[in-house]
Amino acid sequence: AQRVTQPEKLLSVFKGAPVELKCNYSYSGSPELFWYVQYSRQRLQLLLRHISRESIKGFTADLNKGETSFHLKKPFAQEEDSAMYYCALSDTRPGANSKLTFGKGITLSVRP
Amino acid sequence: NAGVTQTPKFRILKIGQSMTLQCTQDMNHNYMYWYRQDPGMGLKLIYYSVGAGITDKGEVPNGYNVSRSTTEDFPLRLELAAPSQTSVYFCASSSSAQSYGYTFGSGTRLTVV
């Protein structure tokens, strides 16, 4: 069965500090991975996808198949980055209908 | 540009009552999903649909029912509310090309007392 593990529940950093939100996955096929963000009292929104290899709001994430990881990184945290972050894995096997499995999420708190 | 719309935003139910959480999308997405979000537990898939007339169970379907009579609408029904169903419920949709990710609704916060 596929699984997404976010080992930490909370990360608190000062403004300007580097951020790394960890995500590990377990999946037998070729993974499609995402990071979603939920700001206070707002809906979840897609932050980035591994296949696009893009940088959104200064965040990047690289898929490491050897370590089965998809860690989210930002070199200099901003206060507006404070939010809940979810790592998610899409089940791409035939017939699986691309359902997303989410990790438990991590709260990022950026202090001034 | 409404995206995914959920109603109501908040609701308090008594044990044993029933209700329907509404979800509608205007993006012509084939795929729709219902998740519940509980503190420290992440999001769990309740039910999903790959098109009108087709629904299937997710990870935690017990106590819920769904229907998909149109592409736009995907209501979630609670027949006999229980305290364990106190949660925040999110509806989401996606195109068949899953690599574009989900679009989420704003959520329904349900409390069962």
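For the structure, check the block above.
As the structure is a computational prediction, the values presented were derived from the model and not from experiment.

> Got a minute to help me understand the layout of surface pockets in this structure?
Take a probe with the size of a water molecule and roll it over the atoms, and the empty space left behind shows itself. Each pocket or cavity is described by its volume, and for the largest pocket that value is around 630 Å³. Lining the largest pocket are 27 residues, with Gln38(A), Arg41(A), Gln37(B), Val88(B) and Arg109(B) positioned closest to its centre. Those elements that provide at least two residues to the lining of the largest pocket are β9 (83-90) of chain A together with β4 (31-38), β9 (87-94) and β11 (108-112) of chain B. The element that contributes the greatest number of residues to the lining of the largest pocket is β11(B), accounting for four residues. Here the lining of the largest pocket is built from residues that sort into nine nonpolar, 13 polar and five charged. As for the second largest pocket, its lining consists of 15 residues, of which Lys99(A), Leu100(A), Thr101(A), Leu45(B) and Glu59(B) are closest to the centre. For the lining of the second largest pocket, the secondary-structure elements that each account for two or more residues are β10 (100-102) of chain A together with β5 (42-51) of chain B. Partitioning the lining of the second largest pocket into residue classes produces six nonpolar, three polar and six charged.

> What should I look at first to understand the sheet that holds strand β8 (residues 76-78) of chain B in this one?
Sheets are built from strands paired through backbone hydrogen bonds, the pairs being either parallel or antiparallel. Residue and element names in this part refer to chain B. An order of β1-β3-β8-β7 is seen for the four strands of this open sheet, with the pairing classed as antiparallel. With partners counted over all chains shown, the strands left at the sheet margins are β1 (4-7) and β7 (64-66), one partner each. In this sheet, neighbouring strand axes are inclined to one another by 20° on average, regardless of whether the strands run parallel or antiparallel. The pairing of β1 with strand β3 (residues 19-25) spans four bridges and is classified as antiparallel.

> Would you mind going over the sheet that holds strand β3 (residues 19-21) of chain A with me for this structure?
All names here are of chain A. The sheet built from three strands is open, its strands ordered β3-β8-β7 with antiparallel pairing. Each edge of the open sheet carries a strand with a single partner, namely β3 and β7 (60-61). Where β7 lies against strand β8 (residues 72-74), two bridges are found, and the strand directions are antiparallel. Across the sheet, residue Ala-61 finds its bridge partner in β8, namely Leu-72.

> Got a minute to help me understand the state of the cysteines in this structure?
Put plainly, a disulfide is one covalent bond tying together the sulfur atoms of two cysteines. What the rule picks out here adds up to two disulfides over all chains. A disulfide bridge connects Cys23(A) with Cys87(A), and the sulfur atoms are separated by 2.0 Å. The sign of the -65° torsion about the S-S bond sets the Cys23(A)-Cys87(A) disulfide as left-handed. In this pair, Cys23(A) is assigned in the loop between β3 and β4 (24-26) and Cys87(A) in strand β9, connecting sequence segments 64 residues apart. Taking the relative accessible area as the measure of exposure, Cys23(A) reaches 0% and is therefore buried. Through a disulfide, Cys23(B) is tied to Cys91(B); the S-S separation comes to 1.9 Å. As the torsion about the S-S bond is roughly -70°, the Cys23(B)-Cys91(B) disulfide counts as left-handed. One end of the pair, Cys23(B), is in strand β3; the other, Cys91(B), is in strand β9, and 68 residues separate them in sequence. We note that Cys23(B), like Cys91(B), is buried.

Conventions and cut-offs
Residues numbered from 1 in each chain as written. Chains lettered and ligands numbered in written order. Predicted model: local features only at pLDDT ≥ 70, side-chain atom pairs only at ≥ 80, totals over all residues. Heavy atoms only, no water. 1 Å grid on protein atoms, 1.4 Å probe; cavity = no way out; pocket = protein on both sides within 12 Å on 5 of 7 lines; lining within 4 Å. Points joined across faces, edges and corners; volume = space filled by probe spheres on them. Helix = DSSP H or I, 4+ residues; strand = E, 2+ residues; numbered from the N terminus. Nonpolar A, V, L, I, M, F, W, Y, C, P; charged D, E, K, R; others polar. Pairing = 2+ DSSP bridges. Axes fitted to C-alpha atoms, helices over the stretch in contact; angles between N-to-C directions. Disulfide = S-S within 2.5 Å. Buried < 20%, exposed > 50% of the residue type's maximum accessible area, 1.4 Å probe, protein only.

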